[in-house]
Amino acid sequence: MSDVSEILNTPSSAIAPVASSKARPSLVGLTRLEMGDALRAIGVPDREIKMRVGQLWHWIYFQGARSFDAMLNISKAMRVKLEEHYSLDLAEVVSEQISKDGTRKWLIRMLPVDAHDKGAEIECVYIPERHRGTLCVSSQVGCTLTCTFCHTGTQKLVRNLTTQEIVQQLVVARDRIGDFPGMVQPTDGMLPSGEGVRAVSNIVFMGMGEPLYNFDNVCDSIGVMSDGDGLSLSKRRITVSTSGVVPQISALGHEAGTMLAISLHAVRDELRNTLVPLNKKYPLKDLLNACRNYPTLTNARRITFEYVMLKGVNDSPAEARELVRLLKGIPAKINLIPFNPWPGTQYECSDWDTIETFSDIVFNAGYASPVRTPRGRDILAACGQLKSETEKLRARARLALDEEDELED
Ligand code: SAH
Ligand code: SF4
């Protein structure tokens, strides 16, 4: 049974770009440097660039302005000039699905990157909970890696998303759910509540793609998302998930300073070589060493290890004990992810009892219970029944954020 209660194919009128503005590049999603270049290109003198970027930044990322006319502290002449050359277009929400528990899945068509591009289509999932709202974003269209249990890995067409396309996922989400000052929030779904809680308070890079294969754009997008004068997301609330691109792990810590999640899925090289073929290049020993040396690692900022539960493949008690042994000495959180099947897959999700036994071993070794009963049951109910990406992403993202729950509870 699907719990998707509503399927809307209504692009928000607020975000549908006006036809005449299509050819003008959008400023939404640019970094400060890129915005400065855009202003220079229309003749803004060097001495004014910093101040003008600051103004635009505030309107675009703090206020969520949808028109240059709203930017009241910018002179009329300057606003006209901006309007002539640029737009504030957002990617288009092609369809929206709202689940009973408030989870929203959007199919988003990105703005064309050049005259030949039709605009990449990606999925983005928003998961509201009591005191936080998590947005699951994509870093690539498809993925060049071929993890055998992952649907994305079977997609042929692959390209990196630009910084602008990554940032736009957040701006589109905030626009869609009225998460900018003065906007009206939709009443057709649950949103988080609490003093000062933003509807989108957390980001997980767990959508399509391998973020560390699009390193520069991912880091630049994190810079924009975490900028305190604009979108203002705390880096502690941004998690980057990797299948184990070892040479980039330390750089991620230094340059982006976010939380890290590792898609581990196996405790022996032989099996991990099959499940996550990248392991042949960067085996477990190297991966775990990179984790031990992750720059921001402390007990309060632990690494999340994701472990997808595959029936009869990686789910034995011996493997649970080996997992605990392998992670010894690394401040870690373990997330057991029930496998979500997709058409044509050779794998099945582990039985609930097996997941519980595995989880108990991990719990008894001192890790917070990674599959909590109510949530776990809910996830198990979904596992194998719902094949939509929404379910998959929701399960992943929820589990990845358990660590923060513990810190905040
Ligand atoms: N490429 C990155 C991030 C995107 S995948 C990575 O691999 O980490 C996000 C998470 O979803 C990963 O842990 C991935 O292994 C997991 N995943 C992929 N397919 C899945 C499936 N069918 N069921 C459950 N989890 C899955
Ligand atoms: Fe899927 Fe991540 Fe593997 Fe890519 S790296 S195939 S997105 S699990």
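Residues numbered from 1 in each chain as written. Chains lettered and ligands numbered in written order. Predicted model: local features only at pLDDT ≥ 70, side-chain atom pairs only at ≥ 80, totals over all residues. Heavy atoms only, no water.

A separate point is the overall build of the protein chain. Secondary structure assignment for the protein chain yields 13 helices and twelve strands. For the protein chain, buried positions account for 56% of its 409 residues. For the protein chain, contacts bridging at least 24 residues in sequence account for 69% of all contacts bridging at least 6. If you sum the accessible surface of the protein chain, you get close to 17100 Å²; carbon and sulfur atoms cover 53% of it. (Helix = DSSP H or I, 4+ residues; strand = E, 2+ residues; numbered from the N terminus. Buried < 20%, exposed > 50% of the residue type's maximum accessible area, 1.4 Å probe, protein only. Contact = heavy atoms within 4.5 Å. Areas by Shrake-Rupley, 256 points an atom, 1.4 Å probe, with all protein chains shown as cover.)

Here the focus is the pairing of strand β8 (residues 202-205). By the alternation rule, side chains of β8 split into Asn 202 and Val 204 and Ile 203 and Phe 205, which are all buried. Here strand β5 (residues 133-136) runs beside β8; their pairing, made up of three bridges, is parallel. Bridged to Leu 135 within β8 is Ile 203. When β8 meets strand β9 (residues 238-242), the two strands line up parallel, connected through three bridges. Residue pairing in the sheet places Ile 203 in a bridge with Ile 238 of β9. (Pairing = 2+ DSSP bridges.)

Okay, helix α3 (residues 76-85) next. Restricting attention to buried positions, one finds in α3 the residues Met 78, Arg 79 and Leu 82. One side of α3 holds all its buried residues, which, seen down the axis, span an arc of 100°. What points out from α3, more than 90 degrees from its buried face, is the exposed set Lys 76, Ala 77 and Glu 84. Buried residues in α3 make contact with α1 (32-41) and α2 (46-62). (Arc of directions from axis to C-beta.)

Further remarks concern the site of ligand 2. Every residue near ligand 2 is listed here: Cys 143, Leu 145, Cys 147, Cys 150, Gly 153, Gly 209, Glu 210 and Ser 243. Considered class by class, the residues forming the shell around ligand 2 number four nonpolar, three polar and one charged. (Near = heavy atom within 4 Å. Nonpolar A, V, L, I, M, F, W, Y, C, P; charged D, E, K, R; others polar.)

We now examine the environment of Gly 257. Mapped onto the secondary structure, Gly 257 falls in the loop between α6 (246-255) and β10 (259-263). Considered as a pair, Gly 257 and Thr 239 are 18 residues apart in the sequence and their alpha carbons are 9.7 Å apart. Once residues within four sequence positions are removed from consideration, Gly 257 is found in contact with Lys 235, Leu 252, Thr 296 and Arg 301.

Turning to the nonpolar core, a few remarks are in order. Considering soluble globular proteins, one finds that nonpolar side chains tend to be buried as a cluster. Counting residues in hydrophobic clusters, the biggest one holds 115 residues, and the most contacted among them are Leu 27, Leu 56, Leu 135, Phe 149, Phe 205 and Phe 305. Considering every element that reaches this core, the biggest residue donor is α2, with seven residues. Lining this core are residues from two domains, each supplying at least three of them: domain 1 (27-85) and domain 2 (92-379). Excluding anything up to four places from it in sequence, Phe 205 contacts Val 137, Ser 139, Ile 166, Pro 211, Val 218, Ser 221, Ile 222, Met 225, Ile 238, Thr 239, Val 240 and Ser 241. Judged by nonpolar contacts, the second largest core, of six residues, contains Cys 136, Val 204, Met 206 and Ala 261. (Core = buried A, V, L, I, M, F, W, Y, C linked by side-chain atoms within 4.5 Å. Domains from an automatic or database assignment.)

Quick look at the pattern of salt bridges now. Counted according to the given criterion, the structure contains 23 salt bridges. For Glu 121, the salt bridge identified is with Arg 109, shortest N-O distance 3.1 Å. One end of the pair, Glu 121, is in strand β4 (residues 121-128); the other, Arg 109, is in strand β3 (residues 104-109), and twelve residues separate them in sequence. Judged by relative accessible area, which is 28%, Arg 109 ranks as partly exposed. In this structure, the salt-bridge partner of Glu 319 is Arg 268, at a minimum N-O distance of 3.3 Å. With Glu 319 in helix α9 (residues 317-326) and Arg 268 in the loop between β10 and α7 (269-275), this residue pair connects regions lying 51 residues apart in the sequence. Residue classification places Arg 268 among the partly exposed positions, given a relative accessible area of 41%. Residues participating in the shared-partner salt-bridge network are Arg 32, Asp 227 and Asp 229. (Salt bridge = Lys/Arg side-chain N within 4 Å of Asp/Glu carboxyl O.)

Counted according to the given criterion, the structure contains four aromatic pairs. Aromatic pair Trp 57 and Tyr 61: ring centres 4.6 Å apart, planes at 70°, arrangement edge-to-face. One end of the pair, Trp 57, and the other, Tyr 61, are both in helix α2, four residues apart, so they sit about a helical turn from each other. No difference in accessibility class separates Trp 57 from Tyr 61, as the two residues are buried. Positioned over the ring face of Trp 57 is Arg 32, at 4.4 Å from the centre of the ring. (Phe/Tyr/Trp six-rings, centres within 6.5 Å; stacked < 30°, edge-to-face > 60°. Lys NZ or Arg CZ within 6 Å of the ring centre and 35° of its normal.)

Now for the state of the cysteines. Applying the stated criterion to the full structure yields zero disulfides. Left unpaired, Cys 124 is separated from the closest cysteine sulfur, that of Cys 136, by 7.3 Å. (Disulfide = S-S within 2.5 Å.)

Overall, the predicted model of the protein chain reaches an average pLDDT of 85, with 85% of residues at or above 70. Contacts for the low-pLDDT stretch residues 1-21, under 50 throughout, to residues beyond four places or in other chains number 44 contacts. (pLDDT = per-residue confidence, 0-100.)

Before going further, it helps to spend a moment on helix α10 (residues 352-364). Taking 1.5 Å of rise per residue, the 13 residues of α10 would be expected to cover 18 Å, and the 18 Å separating its terminal C-alpha atoms lies within 8% of that figure. For α10, every residue scored as buried is listed here: Trp 352, Ile 355, Phe 358, Ser 359, Ile 361 and Val 362. Remark: Gly 366 follows α10 within two positions and exhibits a positive phi of approximately 105°. (Expected span 1.5 Å × (residues − 1).)

Right, let's talk about the side chain of Thr 239 for a bit. Within the element layout of this structure, Thr 239 appears in strand β9. Here Thr 239 is in contact with Ile 203, Val 204, Phe 205, Met 206, Met 259, Leu 260 and Ala 261, once residues within four sequence places are set aside.

This part covers the side chain of Thr 163. One can find Thr 163 in helix α4 (residues 163-176). Residues in contact with Thr 163, not counting those within four places in the same chain, are Gly 29, Thr 31, Asn 217, Asp 220 and Ser 221.

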